[in-house]
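Summary of the model geometry
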Amino acid sequence: VDFVSTGCHVPVFYIFSSVLRMQRSCSRGVDFVSTDEVKPFCPHGPTLLFERYYKDQPPRKYFACSVYRDRKQCSFFAWADAVVSDDRRKRWKQLFENNKPKMSREELMVKLATCKKLKNKDLQYCTLCCALVLPNELVFHAMHKTMSSISSYDLLHPSKFLTAITSKKGEAQYFFTDECTQFLLSSLEDKGFTTVLCVGTPRLHEAITSQRTSIRSFLLDIDYRYAQFFSPENYQQFNLFTSFFYDTSSGQKYCEQFLCAEKEHDRIVLIVDPPFGGLTDAISNGMQQLWKMIGKEVSTFLIFPYFLESHVIKSLPNFYMLDYEVSYDNHQYFKRPKKRPSFVRIFTNIPLPGLKLPLTQGYSLCQVCDRFVSKNNVHCQICDVCPSKDGKPYMHCHWCQRCVKGGNYCYCFYTLSVASLHRLCTLRVLFHLFTNESYLFTNESYLSQHNSQRMSHMW
């Protein structure tokens, strides 16, 4: 389509794309907006309200998908100040309803009971349909890729064989290593917790339920595939960013019943492992909604990168960072044996002196700070802290009056040396000019030589 009537032969698509690029280039950032107003639905559930800031125009609010941060995965977008009819909102809600699983939770539990009675060789799992396959259902999955010999152990540990959804701008599904899972489980037992609300941590939930410890666990995860393996009393599909239970009729009721069984709130702990690309304000808002459902701010573990510590502290001021490096089985780098040090840490509102880190993994107790630190995190006598954040040794810089990374110390010294040398050279030149000014401008031989050099440069 061309603007033929105006004499412009540029396609409309290119004009619109250039306008969008101009808007993005003028954007100054995006913030999450917490609101209680009714939000429109996209195919993945309720949307989030954001506010985009521009350089030369006032900010503007809009709704976007709460699961995917990429328009290629979910193209939903709506300005908050735009007038939307009720029919259009109903169509959006219908897209979400059509995207729900076809089998009910009751039907899935009946199927799971049948699967537990079968022999290992008779039970299969279809990776295309993401469903357990009974012997009489093999005909419908003949052309699909299936996994055979699903054992009873696999039914208790589905994250061991399920294909992780590792979309960086979506679910970002990574599973704890056994080493990390055992550390979290032992920490819960040491602190005397009996009720655990696992948000996005299926590997820990599986360890608690399979080992039959005195701890009870309830899993909240956005992955609907776990509904085939856990009962409604132990799992509900849940979106942390919007605090939304996908089973709108009874999902929140099951969770509240699980929490009400524990009379003492001090024995309840919340463990959250959100996608690292999510805004900390949205994560904090979701955690506060869970605390509100429990009745108070309970002990919480938040799994998040250490370099976002300032954002976490801004949203959750009473949280502190542990030195423990969280590792994942299916991560390209942060698995055992480690290809590189993990940047994932644990933030918690539990006092750090009460949390023990495993000595066998290289952690030790700092007697001055009264907390466990990594082996390279050496206490600074000048700053009176253990300064390392990334597990590498820090050095105290006397010029900066703070501790810096060991690699940055040489650059700091180099910069100061170059600056000092430049200052000395400048003083030397000025001193030479002032002391030899009469000689430079009265000596005829010098002037004639200087003029000849200028003429040669001009030629």
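Treat the numbers as computed from the prediction; the structure is a model and nothing was measured.

Scoring rules and cut-offs
Note that residues are indexed from 1 along each chain, following the sequence as it is written. With pLDDT at 70 or above as the cut-off, local features in this predicted model cover only qualifying residues; side-chain atom pairs require 80 or more to be listed or tallied, and sums for whole chains, interfaces and linings still use all residues. Processing note: side-chain calculations cover all non-hydrogen atoms of the structure and skip hydrogens and water entirely. Working definition: helices are DSSP H or I runs of at least four residues, strands are E runs of at least two. Numbering for both runs from the N terminus. Only protein chains enter the area calculation, which uses a 1.4 Å probe; residues under 20% of their type maximum are buried, those over 50% are exposed, and those in between are partly exposed. Note on contacts: a residue pair qualifies if any of its non-hydrogen atoms lie within 4.5 Å across the two residues. For the accessible areas, the method is Shrake-Rupley and the probe is 1.4 Å, while residue cover comes only from the protein chains on display. For a helix, the expected span equals 1.5 Å multiplied by the number of residues minus one. By arc we mean the arc of the directions from the helix axis to the C-beta atoms, nothing more. Working definition: a ring pair exists when centres of Phe, Tyr or Trp rings (six-membered ring for Trp) sit within 6.5 Å. Plane angles under 30 degrees give stacked, over 60 give edge-to-face, the rest tilted. Should a side-chain nitrogen of Lys or Arg be within 4 Å of a carboxyl oxygen of Asp or Glu, the pair is scored as a salt bridge. Strand pairing requires that DSSP identify at least two bridges connecting the strands. Axis lines are fitted to C-alpha atoms, over the contacting stretch for helices. Their N-to-C directions set the angle, which ranges from 0 to 180 degrees. Each crossing is labelled by how the near helix is turned from the far one, with a counterclockwise turn of less than a right angle marking it left-handed and a clockwise turn marking it right-handed. Each residue is assigned to one class: nonpolar for Ala, Val, Leu, Ile, Met, Phe, Trp, Tyr, Cys and Pro, charged for Asp, Glu, Lys and Arg, and polar for all the others, Gly among them. Note on terminology: a nonpolar core comprises buried Ala, Val, Leu, Ile, Met, Phe, Trp, Tyr and Cys residues joined through side-chain atoms within 4.5 Å.

Here we take up the overall build of the chain. Per the secondary structure count, the chain includes twelve helices and 21 strands. A total of 459 residues make up the chain; the buried ones form 43% of that total. For the chain, the share of sequence-separated contacts (at least 6 apart) that also reach a separation of at least 24 residues comes to 53%. Surface accessibility of the chain: about 27,000 Å² in total, with carbon and sulfur atoms responsible for 55%.

With that settled, consider helix α3 (residues 105–117). Given 3.6 residues per helical turn, the α-helix brings residues three or four places apart onto the same face. Taking 1.5 Å of rise per residue, the 13 residues of α3 would be expected to cover 18 Å, and the 19 Å separating its terminal C-alpha atoms lies within 8% of that figure. Within α3 the residues assigned to the buried category are R105, L108, K111, L112 and C115. All buried residues of α3 project into a common sector of 120 degrees when viewed along the axis, lining one side. Exposed and facing more than 90 degrees away from the buried side of α3 are E106, V110 and K117. As for α3, its buried residues are in contact with β8 (131–133), α4 (152–156) and β12 (235–239).

Under the definition given, this model contains 25 aromatic pairs. With centroids separated by 4.0 Å and ring planes inclined at 15 degrees, the aromatic side chains of F183 and Y324 adopt a geometry described as stacked. Of the two residues, F183 sits in helix α5 (residues 178–191) while Y324 sits in the loop between β16 (320–321) and β17 (344–348), which places them 141 residues apart along the sequence. Y324 matches F183 in its accessibility class, with the two residues each being buried.

Considering all chains together, one arrives at eleven salt bridges under this definition. Note that D81 and R60 form a salt bridge whose closest N and O atoms lie 3.3 Å from each other. Here R60 lies in strand β5 (residues 60–64) and D81 lies in the loop between β6 (77–79) and α2 (86–98), a separation of 21 residues in the sequence. Owing to a relative accessible area of 53%, D81 belongs among the exposed residues under this scheme. Overall, R60 belongs to the partly exposed group, its relative accessible area being 33%. In this structure, R203 engages D329 in a salt bridge whose closest nitrogen and oxygen atoms are separated by 3.0 Å. One end of the pair, R203, is in helix α6 (residues 202–211); the other, D329, is in the loop between β16 and β17, with 126 residues separating them in the sequence. The exposure class assigned to D329 is partly exposed, which follows from its relative accessible area of 37%.

What follows is about the sheet that holds β17. Strands belonging to one sheet form pairs held by backbone hydrogen bonds; the direction of such a pair is parallel or antiparallel. The eight strands are arranged β13-β12-β11-β10-β14-β15-β17-β16 in an open sheet whose pairing can be described as mixed. If you trace the sheet from one side to the other, it starts and ends with β13 (244–245) and β16, each paired once. Where strand β14 (residues 268–272) lies against strand β15 (residues 299–305), four bridges are found, and the strand directions are parallel. When the sheet's bridge partners are listed, L270 is paired in β15 with T300.

For any two helices packed against each other, the geometry comes down to the angle between their axes and how far apart the axes lie. Interaxial distance between α5 and α6 falls to 10 Å at its minimum, and their mutual angle equals 65 degrees. As for how α5 packs across α6, the hand of that crossing is right-handed. Residues D178, T181, Q182, L184, L185 and L188 of α5 form the contact with α6, whose own contacting residues are R203, L204, A207, I208 and Q211. Residues of the contact of α5 with α6, tallied by class, amount to six nonpolar, three polar and two charged.

The nonpolar side chains of a soluble globular protein tend to be buried, and buried together. Within the largest apolar cluster, 50 residues are counted, with the highest numbers of intra-cluster contacts made by L188, V326 and I346. Mapped onto this core, the elements with two or more residues apiece are α3, α5, β10 (195–199), α6, β14, β15 and β17. Per-element accounting of this core gives the leading share, five residues, to α5. Apart from residues lying up to four places away in sequence, L188 is in contact with F193, V196, I208, I215, V269, I271 and F301. Counting residues in hydrophobic clusters, the runner-up holds 37 residues, among them L197, L259, W291 and F304.

In this section: the sheet that holds strand β9 (residues 146–147). Spatially, three strands are ordered β8-β7-β9 in an open sheet, and the strand pairing comes out antiparallel. Bordering the open sheet on either side are β8 and β9, each of which pairs with just one other strand. The pairing of strand β7 (residues 124–126) with β9 spans two bridges and is classified as antiparallel. From the neighbouring strand, C126 faces β9, where its bridge partner is T146.

For β12, the buried fraction is high: five of the five residues fall into the buried class. Residues Y235, Q237 and N239 point to one face of β12 and Q236 and F238 to the other, with burial holding for every one of them. Relative to β12, strand β11 (residues 216–221) runs parallel, the two being bridged by three bridges. Considered in β12, the bridge of D221 is made with Q237.

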